[in-house]
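Residue strings, one per chain:
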Amino acid sequence: SLLLIVPVRLGLDRLNAEYAPSLLKCLEMPQSVGIIGGRPNHAIYFFGHQGDMLHGLDPHTTQPTPEFDAKPRTHDGDASTDAHGSGEDRG
């Protein structure tokens, strides 16, 4: 395995808009572990995007664990069937 870290500054006081499409493409790569950036004393870890909106977390604060349903959901969102679509309880 290899973790490649590339330190680079993409603007003086804000992100240069020319870099935005390339950064979004980097986040789409399955090998990407995200991007950390921000200003002095304020960092944000960006782990994905939806359209032009970035999804990020402040690495200096703890985040609550999301609640998950007891039964797994199928691709259509129906919790009454298992992953094989049979509706059997395999547990």
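Residues numbered from 1 in each chain as written. Predicted model: local features only at pLDDT ≥ 70, side-chain atom pairs only at ≥ 80, totals over all residues. Heavy atoms only, no water.

Asker: Mind showing me how you'd approach the overall build of the protein chain here?
Answerer: For the protein chain, the count of helices and strands is one helix and three strands. For the protein chain, the sequential pattern of α-helices and β-strands runs α-β-β-β. Across the 91 residues that make up the protein chain, the buried fraction comes to 7%. Contacts in the protein chain between residues far apart in sequence, at least 24 positions, make up 10% of those at least 6 positions apart. (Helix = DSSP H or I, 4+ residues; strand = E, 2+ residues; numbered from the N terminus. Buried < 20%, exposed > 50% of the residue type's maximum accessible area, 1.4 Å probe, protein only. Contact = heavy atoms within 4.5 Å.)

Asker: Just checking my understanding: could you explain the pairing of strand 2 (residues 42-50) for this structure?
Answerer: Here is the key point about a regular strand: its side chains alternate between the two faces of the sheet. In terms of strand pairing, strand 1 (residues 35-39) meets strand 2 through five bridges, oriented antiparallel. Bridge assignment links I36 to a residue of strand 2, and that residue is Y45. Here strand 1 hands over to strand 2 after two residues, with N41 in that stretch at a positive phi of 65°. Relative to strand 3 (residues 53-57), strand 2 is paired through five bridges, and the arrangement is antiparallel. Residue pairing in the sheet places Y45 in a bridge with L57 of strand 3. Connecting strand 2 to the antiparallel partner strand 3 that follows it, the hairpin turn spans two residues, and G51 within it adopts a positive phi of roughly 65°. (Pairing = 2+ DSSP bridges.)

Asker: Please clarify how a nonpolar patch on the surface should be interpreted in this entry.
Answerer: A surface patch of nonpolar side chains, amounting to about 490 Å² of accessible area, comprises L2, L4, V6 and V8. Here L2 shows up in the segment before helix 1 (20-28). Taking relative accessible area as the criterion, L2 reaches 77% and is therefore assigned exposed. (Patch = residues over 30% accessible without salt bridge, like charges linked within 9 Å, V, L, I, M, F, W, Y side chains within 5 Å. Areas by Shrake-Rupley, 256 points an atom, 1.4 Å probe, with all protein chains shown as cover. Salt bridge = Lys/Arg side-chain N within 4 Å of Asp/Glu carboxyl O.)

Asker: Would you explain the sheet that holds strand 1 in this entry?
Answerer: Within a sheet, each strand pairs with its neighbour through backbone hydrogen bonds, oriented either parallel or antiparallel. The three strands are arranged 1-2-3 in an open sheet whose pairing can be described as antiparallel. Sheet topology places strand 1 and strand 3 at the edges, where each strand pairs with a single neighbour. For this sheet, the mean angle separating the axes of adjacent strands, direction not counted, is 45°. Lying on the sheet, helix 1 is in contact with strand 1, strand 2 and strand 3; it crosses strand 2 at an angle near 75°. (Axes fitted to C-alpha atoms, helices over the stretch in contact; angles between N-to-C directions.)

Asker: Help me understand the environment of L3, please; the structure alone is not making it clear to me.
Answerer: Among the secondary structure elements, L3 is positioned in the segment before helix 1. L3 gets classed as exposed once you look at its relative accessible area, which sits at 58%. When the C-alpha positions of L3 and V33 are compared, they lie 8.8 Å apart, and in sequence the two are 30 residues distant.

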